[in-house]
Structures are given as structure tokens and as C-alpha cells.
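Inside the fold
Residues per chain, in single letters:
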Amino acid sequence: MMTVALKPVATSRAALRIASREACADGSPSLTAAMPSRNELNFSAGPGALPTPVLAQAQAAIHALPETGLSVLGMSHRSAWFAQVLHDAEHDIRMLLDAPASRRILFLQGGSSLQFSMIPMNFSLGPTAAADYVVSGYWSRKSLCEARPVVDARVAWDGASGGYRKLPTWSALKLAAGGSYLHYVSNETVEGLQFRDPPDLDDRPAICDMSSDFLSRRVDVSRFGMIYAHAQKNLGPAGVTVALIDEALLDRVPADLPPMLDFRTHVAHGSNYNTPPVFAIYVTGLVARWLRTEFGGLERLEARNRRKAATIYDALADLEEMIELHADPAVRSTMNVAFRFRDARLQSMFLDEAAVRGFSGLEGHRSIGGLRISLYNAVSEAAVGELAGFIKTFAATRG
Ligand code: PMP
């Protein structure tokens, strides 16, 4: 049988960056042997960097799982092995969040985007009921628009007129009488705005899209009717979305929903109704275990995430004259730092030089342009230190 050796094909731009970095390796004091790898210097907004030990374990598992001797990619979703993976991933997420037993933890498909319509389908209080939406940026606006074909989705607050730079206080919301729930996005990934505290509401449930800050800090799960987050930022690869749902909300689900769109189906089948994304859930489980063993819990992780963000905002202060940070200081995110250079030429110079140094994922979202530094859980303090050093050097030489 003929075997074909597969060699990784480098794009010319990537190859150039690696070559440039290797060329710099002996000359630049910052590029020492302890320098983080290119994977560790990935500041992408998502899919984001994954922890190096998890990548190593996932790589080995693609060849053969130690537990079964089979590739993880060929493992049956009906196997005892996968039942254990689901159990462990759920357990570790529950432990990390200290989530009460009343919260059902699900692994779903369709990304966070499918939740934009599944939530109103399942949790509206009847066909004519309203639901309230906080519109604080790109993703929450999308959640509103995608809910509209399903529910009378009302705007409780809209930051559009201020260019999505601020967030409301909870008392500033205009809530519909008898509204089914309040939906909001805890961290606006595009604009880099983050709510500090959970909502302080009447008895309507809060439903929160935590896609870009899930498991990055402590959260009182009991304050939410539902939390959901796709994995590909803080928790794993794309393909799985984690949801924590207050089981009391399941009583609202109408009887006539198609099974795949009915949360009760996924609860009843333990997230294994049809073929789930086995690999994505496996890696998500590895990350959850890594978070527990590496940090013990979310307190230490949260402290680290705060230090990382402070390091970057502090470095960006050196560029003060040249840049504009998108978010109002009071609501700056610890996860996504969005800014732009006033001079477009400086901006492309910054990006080019950063690429040569091995940094990637710094381009801003297509809707607002500029730059964005994402500081998800797997991004290390060493990597952040390298980037902050680069920013400071750039500021000193261009200032
Ligand atoms: N919500 C937020 C806060 C996001 O950042 C994103 C994507 N980056 C989404 C929803 C959409 O997620 P998905 O691509 O998994 O549908």
C-alpha cells in the first residue's frame, strides 16, 4: 500500500512571520528560549488559544486514546468511554461554577447563535408574550434580531446612539410588563464591554450569553435562569455550546417544538440525543479539568485574568496619543480589548511588526475595524507580558 506523507503547508504570510521570528531569535533580547510559542501568542477573539497541555493531550488522543487504544475521532457516542467524558465534563463545570443541582448542564450544537432562537422558542410565556433584551453591542443586537421572528422581543436598553461604548445600570432598564425573561450579553466580544455584576431584577429570569467570558471569573449561577456559552473562546474548540438551565424554566417549554429545538430532549438524553460533537466535548472536558487542576477554582483564574487585562490596559496607556480605546473606562472588558490607531498607517505598521514577532489574532471585528486583544483563559501571563513589552517598545519608538 502506498503511503503519502502529509506535510503541513505554510501560507506564505505565516511562513514569513515564522522565518522573521527565527531570524530575530539571536538578536532580540525578548526572543529568548523561554519565549511563548506561536500558539501561546494567539490573541484571537475566537476560536481562541487552547492550553498547551490540552493541545498535547488532544493530539495524542487523535492517534489513540490511552483508555481505549482508539482514535478519539472514531469513538462511538454510545460508548461507555463517551458517557464518562460527558459525565466528567459536566461535573468539572459544575464544580468550577459551584452550580446548584437545580441547574441542568447541557452540551448543545448550533453555536451560541442557535440559542438566540431556541431561547424564545422554549422560554416565552405563551405565543403573544414579550421578552426583554439589553442591546449593548454587536452580539446582543444579533440576539434581539434573531429572537424577533419567535417572540415579541422588546429593547430594554440600547447603546447604539453612544456607539456601544457604555453599559446600563440595571435600574435603567425599561422592562415590559409580564415579560418572559431578560436577555443580555455579559461580555460584548466585539466592542470589549463587560458587565461587572449579575442583574438585579424582579422575578423574571435573567438569561445570559456568556460566550466570551464563561469560566473566566466567579459567577453566582443561582442568579440566572439560564447561562450559555459556546466553547471556542474560554473552554474548547468550536462545535459545542454549554448551557446551564434552571429546571424550573423547563415547565414553560411548549409541547409542539421539534425535538432538536426542545431543551427537554437534550435534558432527557443527557446531551446525547443525536450524535454530539464527541471531539469538541472531549477537548472541552480536558480544558475544564485543566482549569480545576491548574487554578483550583475560579478565584485564582479570575485574579490572573484581571492582572492580564491590567497589564494590557497599562501598556496601551503608553500609546495614549496614538490610539482610541473603544470602551468607556468603567465597563472595560477583561477579555477583549478593542482599540484603534488614529493613523491607519501606524495601525498597519503595528500589525505587521506584531506579526513578525509571532503575535496573531489582533485584528478587530469587521463591523468596527481597529484592533482587538483577546485575553481568554488559556492566554498566559508570560504571553501577555510579551505583548505588553511589544506595545511599550512600539510606543517608545513611534511616540
Ligand atoms: N455571542 C457572543 C458574545 C459571541 O462573541 C459570538 C461569536 N463570537 C456569538 C454569540 C455567536 O457564536 P456562534 O458563532 O457560536 O454562533
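Here the structure is shown first, and the text comes after it.
The shown structure was predicted, so the numbers you read here are calculated from the model rather than taken from an experiment.

**Some words on the site of the ligand**
Within the structure, the ligand sits among Gly111, Ser112, Ser113, Phe116, Trp139, Val185, Thr189, Asp209, Ser211, His230, Gln232 and Lys233. At 2.6 Å from an oxygen atom of the ligand is found a side-chain nitrogen or oxygen belonging to histidine 230. The side chain of lysine 233 places a nitrogen or oxygen atom 2.8 Å from a nitrogen atom of the ligand. Compared with its free state, where it exposes 400 Å², the ligand has 85% of that area covered by protein. Top element by residues in the shell around the ligand is helix H4 (residues 111-123). It accounts for four residues.

**Focus: the nonpolar core**
If you look at the biggest cluster of nonpolar residues, it comprises 57 residues, and the most contacted ones within it are Trp81, Ile93, Leu97, Phe107, Phe214, Leu244 and Tyr282. Here this core takes 11 residues from helix H7 (residues 278-295), the largest share from any one element. Dropping the residues within four chain positions of it, phenylalanine 107 is found in contact with Leu86, Ala89, Glu90, Ile93, Val240, Thr241, Val242, Ser271 and Ile281.

**Quick look at the sheet that holds strand S10 (residues 323-325)**
Reading across the sheet, the three strands line up as S10-S11-S12 and stay open at both edges, with antiparallel pairing between neighbours. The open sheet has two edge strands, S10 and strand S12 (371-374), and neither has a second partner. Mean inter-strand twist for the sheet, computed between neighbouring axes without regard to direction, equals 30°. Lying on the sheet, helix H8 (residues 298-317) is in contact with S10, strand S11 (336-341) and S12; it crosses S11 at an angle near 10°.

**Here we look at the packing of helix H9 (residues 344-356) against helix H10 (residues 381-398)**
In the contact formed by H9 and H10, the axes pass within 11 Å of each other and the chain directions differ by 135°. One way to sum up the angle between H9 and H10 is to call them oblique. In this structure, H9 crosses over H10, and the sense of that crossing is right-handed. Contact residues: Leu346, Met349, Phe350, Glu353 and Ala354 in H9; Phe390, Ile391, Phe394 and Arg398 in H10.

**Quick word on the pairing of strand S7 (residues 206-209)**
Of the two faces of S7, the one lined by Ala206 and Cys208 and the one lined by Ile207 and Asp209 are each fully buried. Across four bridges, strand S4 (residues 182-185) lies against S7 in parallel orientation. Across the sheet, the residue bridging to tyrosine 184 is cysteine 208, located in S7.

**Here we look at the packing of aromatic side chains**
Enumeration over the complete set of coordinates arrives at 18 aromatic pairs. Measuring from centroid to centroid gives 6.3 Å for tryptophan 81 and phenylalanine 82, while their planes differ by 35°, and the two rings are tilted. In this pair, the class of tryptophan 81 matches that of phenylalanine 82, namely buried. Pairing tryptophan 81 with tyrosine 282 gives two aromatic rings, centres 5.6 Å apart and planes at 45°, and the pair type is tilted. Here tyrosine 282 lies in helix H7 and tryptophan 81 lies in helix H3 (residues 80-97), a separation of 201 residues in the sequence. The exposure class assigned to tryptophan 81 is buried, which follows from its relative accessible area of 11%.

**A look at the pairing of strand S8 (residues 226-230)**
Of all five residues that make up S8, five are buried, and the element is covered over most of its length. Of the two faces of S8, the one lined by Met226, Tyr228 and His230 and the one lined by Ile227 and Ala229 are each fully buried. Pairing of S8 with strand S9 (residues 241-246), which is carried by five bridges, proceeds in the antiparallel orientation. In the sheet register, alanine 229 faces S9, and the bridge partner there is valine 242.

**Focus on the environment of asparagine 187**
One can find asparagine 187 in strand S5 (residues 187-188). Classification of asparagine 187 as buried rests on a relative accessible area of 1%. Counting along the chain gives 144 residues from asparagine 187 to valine 331, while the straight-line C-alpha distance between them is 9.6 Å. Residue contacts for asparagine 187: discarding those within four places in its chain leaves Leu193, Gln194, Ser212, Asp213, Ser333, Met335 and Asn336. A distance of 2.6 Å separates polar atoms of two side chains, one belonging to asparagine 187 and the other to serine 333.

**Examining the sheet that holds S4**
Ordered in space as S1-S9-S8-S7-S4-S2-S3, the seven strands form an open sheet in which the pairing is mixed. Two strands lie at the open edges of the sheet, namely strand S1 (103-108) and strand S3 (152-158), each paired on one side alone. Taken pair by pair, the neighbouring strands of this sheet meet at an average axis angle of 20°, ignoring direction. The sheet contacts of H4 involve S1, strand S2 (130-135), S4, S7, S8 and S9, and relative to S8 the element is tilted by about 155°.

About the criteria used
Residues numbered from 1 in each chain as written. Predicted model: local features only at pLDDT ≥ 70, side-chain atom pairs only at ≥ 80, totals over all residues. Heavy atoms only, no water. Near = heavy atom within 4 Å. Polar contact = N/O pair within 3.5 Å; in protein donor to acceptor, adjacent residues only side chain to side chain. Areas by Shrake-Rupley, 256 points an atom, 1.4 Å probe, with all protein chains shown as cover. Helix = DSSP H or I, 4+ residues; strand = E, 2+ residues; numbered from the N terminus. Core = buried A, V, L, I, M, F, W, Y, C linked by side-chain atoms within 4.5 Å. Buried < 20%, exposed > 50% of the residue type's maximum accessible area, 1.4 Å probe, protein only. Contact = heavy atoms within 4.5 Å. Pairing = 2+ DSSP bridges. Axes fitted to C-alpha atoms, helices over the stretch in contact; angles between N-to-C directions. Parallel < 35°, antiparallel > 145°, perpendicular 65-115°, else oblique. Left-handed = near helix turned anticlockwise from the far one by under 90°. Phe/Tyr/Trp six-rings, centres within 6.5 Å; stacked < 30°, edge-to-face > 60°.

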